[in-house]
Amino acid sequence: MLHKDLKPFPDDFFWGASSSAYQVEGAALEDGKGPSCQDVKEIPEGTSDLSVSVDHYHRYKEDIALMAEMGFKSYRFSISWSRILPDGTGAVNPQGIAFYNNLIDECLKYGIEPIVTMFHFDMPAALDERGSWSKRESIDWFAEFATVLFENFGDRVKYWLTINEQNMLTLVGPIIGTLHVPEGTTNLTKEIYQQNHHQLVAQAKAMQICHQMLPEAKIGPAPNIALVYAASSKPEDVIASQNFNAIRNWLYLDAAVYGVYNNLVWSYLEEHDATPQVTAEDLAIMKAAKPDFLGINYYNTATVEASTEEDQAGVVGDQQSRQTFPGIARSVPNPNLVKTEFGWEIDPIGFRSTVREIYSRYRLPILITENGLGAYDSLTEDGKVHDPYRIDYLRHHIEQIHLAITDGVEMMGYNPWSAIDLISTHEGIKKRYGFIYVDRDDFDLKTLKRYRKDSFYWYKKVIATNGQDLSD
Ligand code: BG6
């Protein structure tokens, strides 16, 4: 659809950026914090551990001041569960509460809206030992954690996100270091979808508790949603794309918004003897919970063709790369797209089509909670970082949001990944995303000093003009 005139970005549009606790904070075992699964996982070779990350725990004031300098209206960050509840349940760590109180207050001091993710890939290690999401009790553990968060921060935090990228936890847990496989598991698919089910119910409970305790607050999920294209107009390829769209995307949003299981996914699970145990009470909780908006992480689309039973199941690359489900869908590269240095396809137009599709299915406002370019950046001798590739990537994606707004999609804000350089899920700090450069590399902490990248100044202008001026 070609538009003659573009509608403006809303006046209260949340321009900002994102991060997650374990990827920025460091202080992994300081001030009473318990370890999370990220602190005890096997670190991928050649990448940093998460003990210091970018030391945001000690430097948050400087970091928030830089975000304020860029003109941020919002900052999306996550709260580390094991910093608040070192054992996952039970005793609350007052120093953890104090840290997030300070962080929230620091944002508010500059008029930056704190948007809080409750769970971002960092299960307390103590709960992993007790069986993690495979246990039905995990629903209550999460509800307890949610209640502590709402009690302590609900007077100031108005926007909440439940679980970051539950679909990635389910589809590619080993890549992000989160998969918990209980001893004696014989059907891994069934086990994974049981864990996924507990997360769906836990999320629904958290939304209900939020609405009861904080009637003014808004809460939503934060899955990674990206349209799956058919590789051709062959009807079989279109069926494959519907299959993979259901498995990758709609399962999570159908459950969060309508409280139902997607029928295609349910049928896939039946075929694999992998349907989770679902009680009538679970379904009632899922149906009763309603998100106020949808947090959406978008990096790139996928493309699939029809698959036969002879295909090999598996993932090629990482979370944004190619997955094959025998008899269901086989991922293939999209020859129309270029790739990042880290092999992720770049598809700004797919961003527009993805949010259009989400909005037409669910009719809820959309907050972009992640989007961004991982690249090798370098610091010049005079303290500059020239990152025109990042500016280009962001510009093209913002242009597509602008078109989507004109299409009639309700867009609440844009919080790309990431506010500041951080440790990637499995590729270390060499894969940088931030507007703010951090002087460290994977095995040398160097000065940890912060530098403004070229994209920092560019984004500042974008925000100042409410998305009107995207020029260099
Ligand atoms: C999302 C996650 O999957 O993508 C982030 O929510 C992650 O935690 C981001 O860092 C980029 O992925 P990666 O693997 O490059 O760090």
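Right above here is the structure, for reference.
Draft legend 1. Fine view of the overall build of the chain. Check the secondary structure of the chain and you find 15 helices and 17 strands. Relative to the compact-globule value of 23 Å for 472 residues, the chain shows a C-alpha radius of gyration of 21 Å, a close match. Across its three principal directions, the C-alpha atoms of the chain cover 60 × 55 × 45 Å. Burial analysis of the chain (472 residues in total) assigns 61% to the buried set. Across the chain, the fraction of contacts at a sequence separation of at least 24, relative to all contacts at a separation of at least 6, is 76%. Taken as two groups, the 43 positive and 66 negative side-chain charges of the chain have centres that lie 4 Å from each other.

Draft legend 2. Local environment of the sheet that holds strand β7 (residues 294-297). Ordered in space as β5-β4-β3-β2-β1-β15-β14-β7, the eight strands form an open sheet in which the pairing is parallel. On the outer flanks of this sheet lie β5 (218-222) and β7, each paired with one strand and no other. Adjacent strand axes in the sheet meet at a mean angle of 30°, parallel and antiparallel pairs treated alike. Summarising the sheet, strand β14 (residues 366-370) and strand β15 (residues 411-414) pair through three bridges and their orientation is parallel.

Draft legend 3. Representation of the site of the ligand. Around the ligand sit 16 residues in total, of which Glu165, Glu370, Thr425, Lys431 and Tyr433 are the nearest. Between tryptophan 417 and the ligand, the recorded distance is 3.1 Å, taken from a side-chain N or O atom to an oxygen atom. Isolated, the ligand exposes 380 Å² of accessible area, and the fraction of that covered by the protein chains is 100%. Its residues placed into classes, the shell around the ligand shows five nonpolar, eight polar and three charged.

Draft legend 4. Up close: the side chain of glutamine 323. Position of glutamine 323 among the secondary structure elements: in strand β10 (residues 322-325). When sequence neighbours within four positions are dropped, the list of residues in contact with glutamine 323 reads Leu171, Val172, Phe244, Gly314, Val315, Ala329, Arg330 and Ser331.

Draft legend 5. Spotlight on a negative patch on the surface. Negative charge collects at one region of the surface, where Glu270, Glu271, Glu309 and Glu310 lie side by side. For glutamate 309, the position within the fold is in the loop between β8 (302-305) and β9 (314-316). For glutamate 309, a relative accessible area of 63% corresponds to the exposed category.

Draft legend 6. Representation of the nonpolar core in the model. If you look at the biggest cluster of nonpolar residues, it comprises 139 residues, and the most contacted ones within it are Trp160 and Tyr459. If near-sequence neighbours (up to four positions away) are discounted, tyrosine 459 is found in contact with Trp15, Gly16, Met70, Phe72, Ile398, Tyr414, Pro416 and Phe435. Of all hydrophobic cores here, the second largest spans eight residues; its members include Phe14, Phe293, Leu367 and Met412.

Draft legend 7. Looking closely at the pairing of β14. Counting buried positions along β14 gives five out of five residues, so the element sits mostly inside the fold. On the question of chirality, the crossover connecting β14 to the parallel β15 by way of helix α14 (residues 388-406) is right-handed.

Draft legend 8. Here's a closer look at the pairing of β5. Of all five residues in β5, four are buried, a share of seventy percent or more. Direction of pairing for strand β4 (residues 159-164) relative to β5: parallel, over a ladder of four bridges. For leucine 161, the partnering residue across the bridge sits in β5 and is glycine 220.

Draft legend 9. Expanded view of helix α13 (residues 348-362). End to end, α13 covers 21 Å across 15 residues, agreeing with the expected 21 Å (1.5 Å per residue, within 8%). For α13, every residue scored as buried is listed here: Pro348, Gly350, Phe351, Arg352, Thr354, Val355, Ile358, Tyr359 and Tyr362. Arginine 363 occupies a position one or two residues after α13 and carries a positive phi of about 55°.

Draft legend 10. Looking closely at the state of the cysteines. For the coordinates displayed, the defined rule picks out zero disulfides. A disulfide-free cysteine, cysteine 107 has its sulfur positioned 18 Å from the sulfur of cysteine 210, the nearest such atom. The buried category is assigned to cysteine 107, whose relative accessible area is 0%. Cysteine 210 gets classed as buried once you look at its relative accessible area, which sits at 0%.

Draft legend 11. Spatial organisation of the environment of aspartate 469. Position of aspartate 469 relative to the elements: it lies in the segment after α15 (454-464). Take aspartate 469: its relative accessible area is 26%, and that puts it in the partly exposed class. Expressed as a C-alpha distance, the spacing of aspartate 469 and tryptophan 458, which sit eleven residues apart in the sequence, is 9.3 Å. Looking at aspartate 469, its side chain comes within polar contact range of the side chain of serine 471, at 2.6 Å.

Draft legend 12. Seen up close, the layout of surface pockets. Taken as a whole, the largest pocket spans an internal volume of roughly 630 Å³. Lining of the largest pocket is provided by 29 residues; of these, Thr189, Tyr268, His272, Thr324 and Phe325 occupy positions nearest its centre. Of all the elements in the fold, those that place two or more residues in the lining of the largest pocket are α8 (166-176), α9 (188-213), α10 (235-258), α11 (263-271), β9 and β10. Grouping the constituent residues of the lining of the largest pocket by class yields 17 nonpolar, ten polar and two charged.

About the thresholds
- For every chain, the first residue of the written sequence is number 1, and numbering continues from 1 onward in sequence order.
- Where totals are concerned, whole chains, interfaces and linings use all residues; where local detail is concerned, this predicted model gives features only for residues with pLDDT of at least 70, and gives and counts side-chain atom pairs only at 80 or more.
- Excluding hydrogens and water, the side-chain figures rest on all heavy atoms present in the structure.
- The secondary structure listing takes helices from DSSP runs of H or I that are at least 4 residues long and strands from runs of E that are at least 2 residues long, numbered from the N terminus.
- Only C-alpha atoms enter the radius of gyration, while the globule expectation follows 2.2 Å times N to the 0.38, with N the number of residues.
- Classification of residues uses two cut-offs on accessible area relative to the type maximum, computed with a 1.4 Å probe and protein chains only: under 20% is buried, over 50% is exposed, and between them is partly exposed.
- The contact criterion used is simple: two residues touch if any of their non-hydrogen atoms lie within 4.5 Å.
- Counted as positive: Lys and Arg. Counted as negative: Asp and Glu, with His and the chain ends omitted from the count.
- The location of each charge is read from NZ of Lys, CZ of Arg, CG of Asp or CD of Glu.
- At least two DSSP bridges between two strands are required for those strands to pair.
- Lines fitted to the C-alpha atoms define the axes, with helices restricted to the stretch that makes contact. Angles between their N-to-C directions range from 0 to 180 degrees.
- Residue proximity to a molecule or strand is established when one non-hydrogen atom of the residue lies within 4 Å of it.
- We call two N or O atoms a polar contact when they sit within 3.5 Å, provided that within protein one can donate a hydrogen and the other can accept it, with sequence-adjacent residues counted only if both atoms are side-chain atoms.
- Per-residue and other accessible areas follow the Shrake-Rupley method at a 1.4 Å probe size, with only the shown protein chains counted as cover for residues.
- Amino acids outside the nonpolar list (Ala, Val, Leu, Ile, Met, Phe, Trp, Tyr, Cys, Pro) and the charged list (Asp, Glu, Lys, Arg) are all regarded as polar, and Gly is one of them.
- The patches reported here contain residues having more than 30% relative accessible area and no salt bridge. Joining distances are 9 Å for like charges and 5 Å for nonpolar side chains (Val, Leu, Ile, Met, Phe, Trp, Tyr).
- Take a side-chain nitrogen of Lys or Arg and a carboxyl oxygen of Asp or Glu: if they are within 4 Å of each other, that pair is a salt bridge.
- To define a nonpolar core, start from buried Ala, Val, Leu, Ile, Met, Phe, Trp, Tyr and Cys residues and group those joined through side-chain atoms within 4.5 Å.
- Looking down the strands as they point away from the viewer, one classifies a crossover as right-handed if the path from the first strand across the helix to the second runs clockwise.
- One less than the number of residues in a helix, times 1.5 Å, gives the span that helix is expected to have.
- Any two cysteine sulfur atoms lying within 2.5 Å of each other are counted as a disulfide.
- Using a 1 Å grid laid over the protein atoms alone, points where a 1.4 Å probe fits but cannot get out form a cavity; open sets with protein on both sides within 12 Å along at least 5 of 7 lines form a pocket; any residue with an atom within 4 Å of a point counts as lining.
- Grid points are joined across faces, edges and corners, and a volume is the space filled by probe spheres set on the points.

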